[in-house]
Amino acid sequence: MVMNLGYLKSGNDEYVKNEVLNLVNVCQRTVLKVILETGALTREEIVRGARLVLEAGAKWVKTSTGFNYPGATVKDVRLLKKTTGDLGFIKASGGIRTLAAVESMVKAGASRIGTSHSVAIMQEYLNLKAKGRTLFL
């Protein structure tokens, strides 16, 4: 789900939390990822949003849809990881096009990567591996 940005930005945290909680209850047998659209939020809003996700019982916070707003940044992934700690997981998504970008996001705390460039990234990985380069993967 995409978090309701309007309510988050207006400070209606109770509405945001209840909306996530309702979907957590509906999705009991599946994983719910809550997309924050970090590119549209301030640092304070990112922290509040991530905390609301955890308080509502969801475990996954996703940076962005990859549409309308800037995608994942290492800075935002670090902030999300610092906020969620070991209580949640981060999916970095939006604008991740290279193996180096994947590595940066994982080092910053991402547990999952969302990309439409997976074939090119895996080709990059295989090319480096063939040259004997040690990679984080």
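Our structure's up above, just so we're on the same page.
Residues numbered from 1 in each chain as written. Predicted model: local features only at pLDDT ≥ 70, side-chain atom pairs only at ≥ 80, totals over all residues. Heavy atoms only, no water.

Now for the side chain of Ser 93. Of note, Ser 93 is situated in strand 3 (residues 89–93). Beyond its immediate stretch of four places on either side in the chain, Ser 93 contacts Lys 62, Thr 63, Ser 64, Gly 71, Ala 72 and Gly 114. (Helix = DSSP H or I, 4+ residues; strand = E, 2+ residues; numbered from the N terminus. Contact = heavy atoms within 4.5 Å.)

Of the positions making up helix 5 (residues 99–108), those classed as buried are Leu 99, Ala 101, Val 102, Met 105 and Ala 108. Buried residues in helix 5 make contact with helix 4 (74–84), strand 3, strand 4 (112–114) and helix 6 (118–130). Of the residues trailing helix 5, Gly 109 is marked for its positive phi of about 130 degrees. (Buried < 20%, exposed > 50% of the residue type's maximum accessible area, 1.4 Å probe, protein only.)

All right, on to the pattern of salt bridges then. The tally for this structure, following the rule as stated, stands at five salt bridges. Across the salt bridge formed by Glu 44 and Arg 48, the nearest N and O atoms sit 3.0 Å from each other. Taken as a pair, Glu 44 and Arg 48 lie in helix 3 (residues 43–55) at a separation of four residues, close to a single helical turn. (Salt bridge = Lys/Arg side-chain N within 4 Å of Asp/Glu carboxyl O.)

Attention now goes to the packing of aromatic side chains. Here the structure, examined in full by the defined rule, presents two aromatic pairs. Residues Tyr 7 and Tyr 15 carry aromatic rings whose centres are separated by 3.9 Å and whose planes lie at 20 degrees to one another, so their mutual orientation is stacked. Under the relative-accessibility criterion, Tyr 15 is labelled partly exposed at 34%. Above the ring of Trp 60, the side-chain terminus of Lys 33 is found at 5.9 Å from the ring centroid. (Phe/Tyr/Trp six-rings, centres within 6.5 Å; stacked < 30°, edge-to-face > 60°. Lys NZ or Arg CZ within 6 Å of the ring centre and 35° of its normal.)

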